[in-house]
Every structure is written in structure tokens, then in C-alpha cells.
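What follows is the residue order along each chain.
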Amino acid sequence: MNEIMSLMNRDISGWMCSGDDEAVTSIVFKNLLHKAVEQRFVQVVIASEDMLPTVSQIVESDSRNKGYLPSYAHRYFPAFSGSEVDMKERMVEILKRCYVDQDKADDVMAYIDFLTELESEIGDDNPARDETLLQKYLRASAVERALNTAVANGEISQDECRDWFDDYSDCSSGRIHLKRILKRLDRCFSLNKNRSKSISALGQGDRLCFIIKSDMSEDMKTLMFEMIGWDILETKRTGKQVSLMVLEGSKKYGDELLQLLNVSSADINFNFFAKDYFSGHTASWTQQIDEYFRRYIYTAHSRMESCEEISSKRFGQIPVVRNSYACDRDRRISNNRVLDQLLNTNRVDHYVQHVPVWEAQYRKEEIHDMQKGICLVQADTYEGYVDLRR
């Protein structure tokens, strides 16, 4: 344990922990969280649904945890948060992640262009540039009412009003598509809730946990990861440090995690936990995400193929020199005098040092059968077994 804590005292970023031993995972996860609190990092935890029991008993042990998302009680939609955010650019990404076909996406963007121009013309001095604008004009009657009110208040003339209605008729199909898209997003992001949560609103040392449910569709999961990435980016812009911890269960993460890491700034503090890091991922994915890790912890793996991967590719082989010994005794009575027997001169000893043979530093069978609480650590300054039971 002292070896791992010594490494964590130097740096709490770049850890990858893989294996079936939940006790080791819990200890490492808890200590990394504790260090992140000490160093006043805003903490983001992403966990598969089957990892919730491991996560909940740890994150709920202190007052730093500010809840779980997605939630039916709180809105989480940070796509348009921040002063430097281009709403239309983000909306294009959202439509892409929702797999909206190009014609419908073009109609939606034309309608959003119309709304931003309308809001600039007849809206407040600081017109809305987020989902508030989209919700405001989601009903067809809202546009008509806003234009008639503008005419009554003398903000636009009757001729200008007719021009606005003509423009609206050209893009009104986008409103219908947008309404369907927002209704779909509401099921995951609770857009209609008044209360909201976000990473950027957290205080230093506070934490939000995101639980990726097993039945979450791939497009919504991808969009959720993108939202988290945008939220982290806004948090970094406010000058806060962010610690991201991702726990992977039986359902594997894919390109959505790589996208999150690409969207977030390069200096993010990132750690990864997996039940089996070596199964279910493409070689390209593993190669890309491996660039974020500098310290590795391996516990027992049930798949022998994963044990082989750790043994041969992570630790490799070392030259092993073995010695052998043999003894020839002369059993003839004439040569077994009492003096020879006393002095052991009635035999010939053979000591042989064999040629070095390359063997696995840690055999796959050893890794497969590691006891609970025992792990293999691989880092720049330490490599070997660590007993976390003490």
C-alpha cells in the first residue's frame, strides 16, 4: 500500500486499474478521490450502471458529492453554457449526434437562424442564445404572438411584420423537427425541469457522478459524453482544475470517451478503472487511450487471454539463469574406505549453470490466480506486487 500511496503523493493523474478485484478498485478509487479533494479539484465521475454499487458507497461517504446525473429532478444540458459558446455550432453537433438526416438538420438550422434574428430585432437587450430561445418559440403561436406584440408596441411596421411572417413560413418545418428532437432529448436531459446541475457550477473539491445506464441508446450516450466534455471545458475556462474518473463495467465505452477527452482541455486529470481493460476494445481505441496513462494496476482477471496480454505485452520477459546439481558416488567397497566416507571423497559433485532462458516476468497463471487484495503495479519508479490487505 505504501508503494501506491507514494506514487499518488507525486501525481494523481494517469492511473489505469484493471481487474475483477473490487476491493482493490475501491481502495484505489477512494484514495484518488481523497487526493482530488485535498488538491481542490472539481471531480467528475462517470460509471457504468453495474459499477454503481462500488461507486455509491464511496462517493456518498462525504459531503462533497452533489448528486447523480442523468436525473428526472434536475436538468442537465450545458451545450449552450458559457460566454464563448456558439449556439449554432453546438446545435449542429447535437443534430449530428442524434443522427438527424441532413435535410431535416438544414430545416432546423434555418429555423434557429430565423429565431436568433427575430430575437435580436424584437427581443430583450441581451437576447437569449441557449435552449431558452428554442423553448420560447417552440409553439407556432409564439412567433405569431411575438410579431403582433412588436407591431402593437411600434417596434416594427406592418410591412416588416409581413416580411417576418414570409420568412417564418419558409422555415416553419424546422420548428416541427426541432420540437421532436427536444422532446427526445428531454427524456435523457430533463430539459423542462426548472432546477439544473452542471460541472461548471461546482465548487472546488465538489463532485458530480454520471451513471451510464445499460439501456441508454448509443446516440444519447455519445451526446451525454459530449455534453460532459463541453461542461468540463467551461469549468476549465473559469480557472478550476478538473479530475475525471471513468469506471467501465461489462458494457464497454467506445469513441464517445475519446471524443470527451478530445473536447476537454489537454491538462485534464484523468484516471480509468475497468473490469477487463483488455477485452471488448479495438486495438486503435486501446492505443489512443493508452497515451493518457503512466501508472497501471492489475488484479486477477478471469479471462486467460487478458492475463496473457498483461504477462507478455505489459511486463514482457526477463532472462532466467537456472543452476543444476548432480552427485556421482563410487559404490565400490574397495573405494569406500572409512577415511573417504568421513571426508566425502568417495563422490564427485557436478554444478552446472545453464544458458539464460527468456521467460515471462509474471506468468499468466500467477495473474489469473492472484488473491484478493493483491495487485501488480507498473509505474516509472516501481514495478511489482503490492499487498493492499495490510
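Residues numbered from 1 in each chain as written. Predicted model: local features only at pLDDT ≥ 70, side-chain atom pairs only at ≥ 80, totals over all residues. Heavy atoms only, no water.

Some thoughts on the side chain of T235
Part 1 of the argument: Mapped onto the fold, T235 is located in helix α9 (residues 218-237).
Part 2 of the argument: Excluding its chain neighbours within four sequence positions, the residues that come into contact with T235 are V42, I199, S200, K240 and V242. (Helix = DSSP H or I, 4+ residues; strand = E, 2+ residues; numbered from the N terminus. Contact = heavy atoms within 4.5 Å.)

Thoughts on the pattern of salt bridges
Side chains bearing opposite charge may pair, as long as their charged atoms lie close to each other.
Part 1 of the argument: Taken as a whole and assessed by the stated rule, the structure comprises 26 salt bridges.
Part 2 of the argument: Between R207 and D62 there is a salt bridge; the shortest N-O distance is 3.1 Å. Taken together, the positions of R207 in strand β4 (residues 207-212) and D62 in the loop between α3 (52-59) and β3 (65-69) put the pair 145 residues apart, joining distant regions of the chain.
Part 3 of the argument: In this structure R207 comes out as buried when scored by relative accessible area, which is 0%.
Part 4 of the argument: One salt bridge in this structure joins D290 and R314, with 3.0 Å as the shortest N-O distance. Here D290 is found in helix α11 (residues 283-290), whereas its partner R314 is found in helix α12 (residues 304-315), with 24 residues between them in sequence.
Part 5 of the argument: Each of E93, K96, R97 and E226 takes part in salt bridges that share partners, so that together they form one network. (Salt bridge = Lys/Arg side-chain N within 4 Å of Asp/Glu carboxyl O. Buried < 20%, exposed > 50% of the residue type's maximum accessible area, 1.4 Å probe, protein only.)

Focus: the packing of helix α5 (residues 102-122) against helix α8 (residues 158-189)
Axis angle and axis distance: for two packed helices, these are the angle between their axes and the distance between the axes, and together they describe the pair.
Part 1 of the argument: Where α5 contacts α8, the axes come no closer than 7 Å and their chain directions differ by 120°. One finds that α5 runs oblique with respect to α8. Crossing handedness for the pair α5 and α8: left-handed. Here K104, D107, V108, A110, Y111, F114, E117, L118 and E121 of α5 lie close against α8, whose contacting residues are W164, D167, Y168, C171, S173, G174, R175, H177, L178 and I181.
Part 2 of the argument: Per-class residue counts for the contact of α5 with α8 are ten nonpolar, three polar and six charged. (Axes fitted to C-alpha atoms, helices over the stretch in contact; angles between N-to-C directions. Parallel < 35°, antiparallel > 145°, perpendicular 65-115°, else oblique. Left-handed = near helix turned anticlockwise from the far one by under 90°. Nonpolar A, V, L, I, M, F, W, Y, C, P; charged D, E, K, R; others polar.)

What to know about helix α7 (residues 140-152)
Part 1 of the argument: Taking 1.5 Å per residue as the helical rise, α7 with its 13 residues ought to reach 18 Å, and the 19 Å between its terminal C-alpha atoms agrees with that figure.
Part 2 of the argument: Positive phi appears at G154, one or two residues downstream of α7, with a value of about 75°. (Expected span 1.5 Å × (residues − 1).)

Focus on the confidence of the model for the protein
Part 1 of the argument: Per-residue pLDDT for the protein averages 88, and the proportion of residues at 70 or more is 94%.
Part 2 of the argument: The secondary structure element of the protein with the lowest average pLDDT is helix α13 (residues 338-343), at 66, and the one with the highest is strand β1 (residues 15-18), at 96. (pLDDT = per-residue confidence, 0-100.)

Describing the packing of aromatic side chains
Part 1 of the argument: If you walk through the whole model with that rule in mind, you get 25 aromatic pairs.
Part 2 of the argument: Seen from their ring centres, F270 and Y292 are 5.8 Å apart, and the 85° between their planes marks the pair as edge-to-face. Pair noted here: F270 is in strand β6 (residues 269-274) and Y292 is in the loop between α11 and β7 (295-298), with a separation of 22 residues, a long-range link.
Part 3 of the argument: Here the aromatic rings of Y277 and F278 are separated by 5.3 Å at their centres, their planes lie at 85°, and the arrangement is edge-to-face. (Phe/Tyr/Trp six-rings, centres within 6.5 Å; stacked < 30°, edge-to-face > 60°.)

Considerations on the sheet that holds β3
Part 1 of the argument: Within the open sheet, the nine strands sit side by side as β3-β4-β2-β5-β6-β1-β7-β12-β13. Their pairing is mixed. Each having just a single partner strand, β3 and β13 (383-387) make up the two edges of the open sheet. Strand-to-strand twist in this sheet, taken as the mean axis angle between neighbours without regard to direction, amounts to 15°. (Pairing = 2+ DSSP bridges.)

Let's talk about helix α4 (residues 87-97)
Part 1 of the argument: Those residues of α4 that sit buried are M87, R90, M91, I94, L95 and R97. Buried residues of α4 fall within an arc of 160° about the axis and therefore sit on the same side.
Part 2 of the argument: Looking at the packing, one finds that the buried side of α4 touches α5, α6 (131-136), α8, α9 and α10 (255-263).
Part 3 of the argument: Two or three places before K88, at the opening of α4, D86 has a side-chain oxygen 3.0 Å from that residue's backbone nitrogen.
Part 4 of the argument: Backbone geometry just downstream of α4 places Y99 in the positive-phi region, at approximately 55°. (Arc of directions from axis to C-beta. Polar contact = N/O pair within 3.5 Å; in protein donor to acceptor, adjacent residues only side chain to side chain.)

Digging into unusual backbone geometry
Most peptide bonds adopt trans geometry, and most residues besides glycine take a negative phi value.
Part 1 of the argument: Cis geometry is found at the peptide bond from L69 to P70, where omega equals -5°.
Part 2 of the argument: As for its position among the elements, P70 is in the loop between β3 and α4.
Part 3 of the argument: Of note in this structure, R40 is not a glycine but carries a positive phi near 60°.
Part 4 of the argument: Take R40: it is sitting in the loop between α2 (22-38) and β2 (42-48).
Part 5 of the argument: For S190, which is not glycine, the phi dihedral falls at a positive 50°.
Part 6 of the argument: Structurally, S190 can be placed in the loop between α8 and β4.
Part 7 of the argument: Given a relative accessible area of 4%, S190 falls into the buried group.

A word on a negative patch on the surface
Part 1 of the argument: Where like charges cluster on the molecular surface, the negative patch consists of E117, E121, E155, E160, D163, D166, D167 and D170.
Part 2 of the argument: Secondary structure elements with two or more residues in the negative patch: α5 and α8.
Part 3 of the argument: Sorting elements by how many residues they give to the negative patch places α8 first, with five residues.
Part 4 of the argument: Note that D163 resides in helix α8. (Patch = residues over 30% accessible without salt bridge, like charges linked within 9 Å, V, L, I, M, F, W, Y side chains within 5 Å. Areas by Shrake-Rupley, 256 points an atom, 1.4 Å probe, with all protein chains shown as cover. Lys, Arg positive; Asp, Glu negative; His and termini not counted. Charge placed at Lys NZ, Arg CZ, Asp CG, Glu CD.)

Quick notes on a positive patch on the surface
Part 1 of the argument: The grouping of R139, R145, K179, K183 and R187 at the surface amounts to a positive patch.
Part 2 of the argument: When residues in the positive patch are grouped by element, the largest group, three residues, is from α8.
Part 3 of the argument: With respect to the helices, strands and loops of the structure, R139 is situated in the loop between α6 and α7.

Looking at the packing of α2 against α3
Part 1 of the argument: At their nearest, the axes of α2 and α3 sit 10 Å apart, and the two run at 40° to each other. The orientation of α2 with respect to α3, classified from their angle, is oblique. Where α2 crosses over α3, the two elements pack in a sense that is right-handed. The segment α2 lies against α3, with E22, S26, F29, K30 and L33 engaging T54, V55, Q57, I58 and V59.
Part 2 of the argument: Classifying every residue of the contact of α2 with α3 by side-chain character gives five nonpolar, three polar and two charged.

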